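Each chain, written out:
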Amino acid sequence: MTETDLVPVFDGHNDTLLRLHQSKDADVEKLFIEGTSGGHIDLPRAKKAGFAGGMFAIFPPPVEKSKRSTVPPAPSDTEPLPPELPRADALASTIAMTSILFRLERASALTVCRSAGDVRNAMAQGSVAAVFHIEGVEAIDPELTMLDVLHAAGLRSLGIVWSRPNAFGHGVPFRFPSTPDTGPGLTDAGKALVKACNQLGIMVDLSHLNEKGFRDVAEISDAPLVATHSNVHAICGHSRNLTDWQLGAIRESGGMVGLNFATGFLREDGRMNADTSLDIMVRHVDSLLQALGEDGVGLGSDFDGAMIPAVIGDVTGLPKLLDAFAERGFGRALIEKIAYRNWISMLEKTIG
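Everything quoted here is computed from the prediction, not taken from an experiment.

> Is there a simple way to think about the packing of aromatic side chains in this case?
Centre-to-centre distance and the angle between the planes together describe a pair of aromatic rings. This structure, assessed with the given rule, holds 7 aromatic pairs. Taking the centre distance of 6.3 Å and the plane angle of 80 degrees together, the rings of Phe 102 and Phe 132 count as edge-to-face. Of the two residues, Phe 102 sits in helix α4 (residues 87-106) while Phe 132 sits in strand β4 (residues 129-135), which places them 30 residues apart along the sequence. Since its relative accessible area comes to 17%, Phe 102 is described here as buried. Here the aromatic rings of Phe 325 and Phe 330 are separated by 5.4 Å at their centres, their planes lie at 25 degrees, and the arrangement is stacked. A relative accessible area of 0% means that Phe 325 is categorised as buried. Over the aromatic face of Phe 265 sits the side chain of Arg 240, whose NZ or CZ is 4.9 Å from the ring centroid.

> I keep staring at helix α10 (residues 278-292) and nothing clicks. Help me out?
Given 3.6 residues per helical turn, the α-helix brings residues three or four places apart onto the same face. Helix length check: α10, at 15 residues, gives a terminal C-alpha distance of 21 Å against a target of 21 Å (1.5 Å per residue), a fit within 8%. Where α10 is concerned, the buried positions are Leu 278, Ile 280, Met 281, Val 282, His 284, Val 285, Asp 286, Leu 288, Leu 289 and Leu 292. Against α9 (244-252), β8 (256-259), β9 (297-299), α11 (318-327) and α12 (332-350) lie the buried residues of α10. The N-cap of α10, judged by a side-chain oxygen 3.3 Å from the amide nitrogen of Asp 279 a few residues on, is Ser 277.

> Any chance you could explain the nonpolar core here in plain terms?
Among soluble globular proteins, nonpolar side chains are generally buried collectively. Grouped together as the largest cluster of nonpolar side chains are 108 residues, with contacts concentrated most on Leu 158, Ile 160, Phe 261, Leu 299 and Phe 325. Not counting the four nearest positions on each side in its chain, Phe 261 is found in contact with Leu 266, Met 281, Leu 299, Gly 300, Ser 301, Phe 303, Met 307, Ile 308, Pro 309, Ile 312, Leu 318 and Leu 321.

> Would you mind showing me how to read the pattern of salt bridges here?
Should their charged atoms come close, side chains of opposite charge can pair. Applying the stated criterion across every chain, the model contains 16 salt bridges. Ionic pairing is found between Glu 348 and Arg 120, a salt bridge with its closest N-O pair at 2.8 Å. Linking Glu 348 in helix α12 with Arg 120 in helix α5 (residues 116-124), this pair joins segments that are 228 residues apart in sequence. A residue is classified by how much of its surface remains accessible, and Arg 120, at 38% relative accessible area, is partly exposed. In this structure, Asp 295 engages Lys 337 in a salt bridge whose closest nitrogen and oxygen atoms are separated by 2.7 Å.

Rules used in this analysis
- Residues numbered from 1 in each chain as written.
- Predicted model: local features only at pLDDT ≥ 70, side-chain atom pairs only at ≥ 80, totals over all residues.
- Heavy atoms only, no water.
- Phe/Tyr/Trp six-rings, centres within 6.5 Å; stacked < 30°, edge-to-face > 60°.
- Helix = DSSP H or I, 4+ residues; strand = E, 2+ residues; numbered from the N terminus.
- Buried < 20%, exposed > 50% of the residue type's maximum accessible area, 1.4 Å probe, protein only.
- Lys NZ or Arg CZ within 6 Å of the ring centre and 35° of its normal.
- Expected span 1.5 Å × (residues − 1).
- Contact = heavy atoms within 4.5 Å.
- Polar contact = N/O pair within 3.5 Å; in protein donor to acceptor, adjacent residues only side chain to side chain.
- Core = buried A, V, L, I, M, F, W, Y, C linked by side-chain atoms within 4.5 Å.
- Salt bridge = Lys/Arg side-chain N within 4 Å of Asp/Glu carboxyl O.

Structure below.
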């Protein structure tokens, strides 16, 4: 028996809906329920790992894959932003992945949760608790009419940008080494979007947003600042990671950060390399705890959306990370906060 036996995990970010969408399998429910040999999350592995749920992201992928539309194979300090995505293409893929989410719910593979109470109830019933999240809001029009539709459907969390510009703001490019100060702030439409999210009870995710956009959200938003899947810039100097002042702003707002498992955002050399140890993950968490306190740290794996350490492998490797926390001296209460309690508390503050 280990310190972390039976600790459930609620995760700040995964791209499983994108993986299912791109599989082109007509029966995605079966694919998820019965399990697959690839990817990071399916129902059998989730049950085995104690995976209680998380933010299930809808990410509108590039129309055509190119060397400029995904993470570069090696660190570069000159990597440009990926190209913008036409709204029609983003809308089509967003609707398709939303359909997959609700098809999985109809098949009793998960429960779509619209409040922190829904998450607690789903966990109590042993159902995977899925919060409807969008990463990159290209499907939403600047007039925000689609925001109302998506909110009515269950949208409760969104990242304004992925690592490309859109009508609302600018993402950070995949540059290493680089600060996140890489472009202009939010547009007027972006500022209106933040205010609308506050009014509707939609959590705003700062991961992928550049520094000036981050400052705009911090000035506008009346909700805690949240980065669902980001790491510490002082350890890994990637533009995707959070600088000291950003961490300070998050702490001041009573906000939260989820540890990103993507190796290029963990390693000091910025490389996407699966041969990455648990030690560096624990080091980032230690630093986040120092910056944010025990109530401000969670997990934001980026499962099914990134190269993660081979020692984790997939969702079934989560207990290894929790055991590493125990070996580092974290007590059971702190491990539970990082694993799921902090996220549920943050959802209470942001979506109700």
